Amino acid sequence: MISVITCTNRNDSMKTVFDNYLRQTMKDKELIVILNHDKIDLNAWEEQAKKLPRVSVFQVPGRLSVGECKNIAAEKTAYSHIAKFDDDDYYAPLYLEAAWSAFEKQREADIVGKSSVYFYFQKSNCIGLFPSLYENEFAKQVVDSTLVFKKELLKDVSFPKIKVGSDKKFQRDCHAKGFRIFSTDRYNHAVIRSRNPNHHTWKISDEQLLKGCINLVYTEDYKPLVTSQV
């Protein structure tokens, strides 16, 4: 049973946010969406949410940091585990199932995520693996877009009230408190690099990222390449 939280300040992310949630094969799930912008049309999101199972949408002032938004979303969740979905990446159907399986196998894990991740570059239709030394073992941190964690740890640690880097600081604070982070395999997720260079908060160019990637494949259909069975 996992609660998905997504914070967004982009009105055009609605389809991606809802599709990522609906795609998940896990039955016991819910989605909490926080709209972090004053001019996003809340009614439009709520109308779409009514058509979907266990989806709630809330709007907060745009002046709030993304860290504060994640804390607000987490407070509204009903389940014992929380998965943070980014509003512009790809989460394959078995993403939540695989995370749950990792928690069942690694009883000491408080946070589950990925340190090796696929990047899909829309501009060049290229997918590549950004590798790490930590797969299927405990690590100090995982990639921000892959965070799944036990809700109970929020009694000791919360997301910092900052606009950039809140996930990394959250993980550092968790690690300092003795919570353990487990890095799973690379599959069932892809970080999507937009054609628009101003879209991302991480100010690194596609060219720089590509230099760190291996196993490059040029394709318009990247999803089968990142998908695996649990």
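Residues numbered from 1 in each chain as written. Predicted model: local features only at pLDDT ≥ 70, side-chain atom pairs only at ≥ 80, totals over all residues. Heavy atoms only, no water.

Undergrad: Any details on the side chain of D87? Residues and values, ideally.
TA: Looking at the secondary structure, you find D87 in the loop between β4 (81-84) and β5 (90-91). On the accessibility criterion, D87 (7% relative accessible area) is buried. Reaching out from D87, the side chain makes a polar contact with the side chain of T8 at a distance of 2.6 Å. Within the structure, the side chain of D87 is placed 2.8 Å from the side chain of R10, a separation counted as a polar contact. Sequence-distant contacts of D87, that is, excluding residues within four places in its chain, are made with T6, C7, T8, N9, R10, S13, T16 and V17. (Helix = DSSP H or I, 4+ residues; strand = E, 2+ residues; numbered from the N terminus. Buried < 20%, exposed > 50% of the residue type's maximum accessible area, 1.4 Å probe, protein only. Polar contact = N/O pair within 3.5 Å; in protein donor to acceptor, adjacent residues only side chain to side chain. Contact = heavy atoms within 4.5 Å.)

Undergrad: Got a sec to walk through the nonpolar core? Specific residues and values, please.
TA: F18, L31, V33, W45, V55, V57 and L96 are the most contacted members of the largest nonpolar core, which totals 28 residues. Secondary-structure elements contributing two or more residues to this core are β1 (2-8), α1 (14-23), β2 (29-35), α2 (42-49), β3 (55-59) and α4 (95-105). For this core, the element with the highest residue contribution is α4, accounting for five residues. Excluding residues within four positions of it along the chain, V55 makes contact with F18, Y21, L31 and A49. Listed in part, the 21 residues of the second largest apolar core include A73, I82, F149 and F179. (Core = buried A, V, L, I, M, F, W, Y, C linked by side-chain atoms within 4.5 Å.)

Undergrad: So what's going on with the sheet that holds strand β7 (residues 117-121)? Which residues, and what values?
TA: Strand pairing in a sheet relies on backbone hydrogen bonds. The paired strands run either parallel or antiparallel. Spatial ordering of the open sheet is given by β5-β12-β7-β8-β13, a layout of five strands whose pairing is mixed. At either end of the open sheet lies a strand with only one pairing partner, and these are β5 and β13 (214-218). Bridging between β7 and strand β8 (residues 126-130) involves five bridges; their strand directions are antiparallel. Its bridge partner being in β8, V117 is matched across the sheet by F130. (Pairing = 2+ DSSP bridges.)

Undergrad: Got a sec to walk through the pairing of β3? Specific residues and values, please.
TA: Across five bridges, the pairing between β2 and β3 is parallel. Counterpart to L31 in the pairing with β3 is V55. Tracing the backbone out of β2, into α2 and back to the parallel element β3 gives a crossover that is right-handed. (Right-handed = clockwise from strand over helix to strand, strands pointing away.)

Undergrad: Can you lay out the sheet that holds strand β6 (residues 111-113) for me, pointing to particular residues and giving the numbers?
TA: Strand order in the open sheet formed by eight strands is β3-β2-β1-β4-β10-β6-β11-β9, with mixed pairing between adjacent strands. Strand pairing shows two members of the sheet lacking a second neighbour, β3 and β9 (137-139), which therefore form its edges. Averaged over all neighbouring strand pairs, the angle between strand axes comes to 25°, with direction disregarded. Sheet analysis places β1 next to β4, joined by four bridges and oriented parallel. Its bridge partner being in β4, I5 is matched across the sheet by K84. (Axes fitted to C-alpha atoms, helices over the stretch in contact; angles between N-to-C directions.)

Geometric descriptors of this kind do not, in isolation, establish any biological role.
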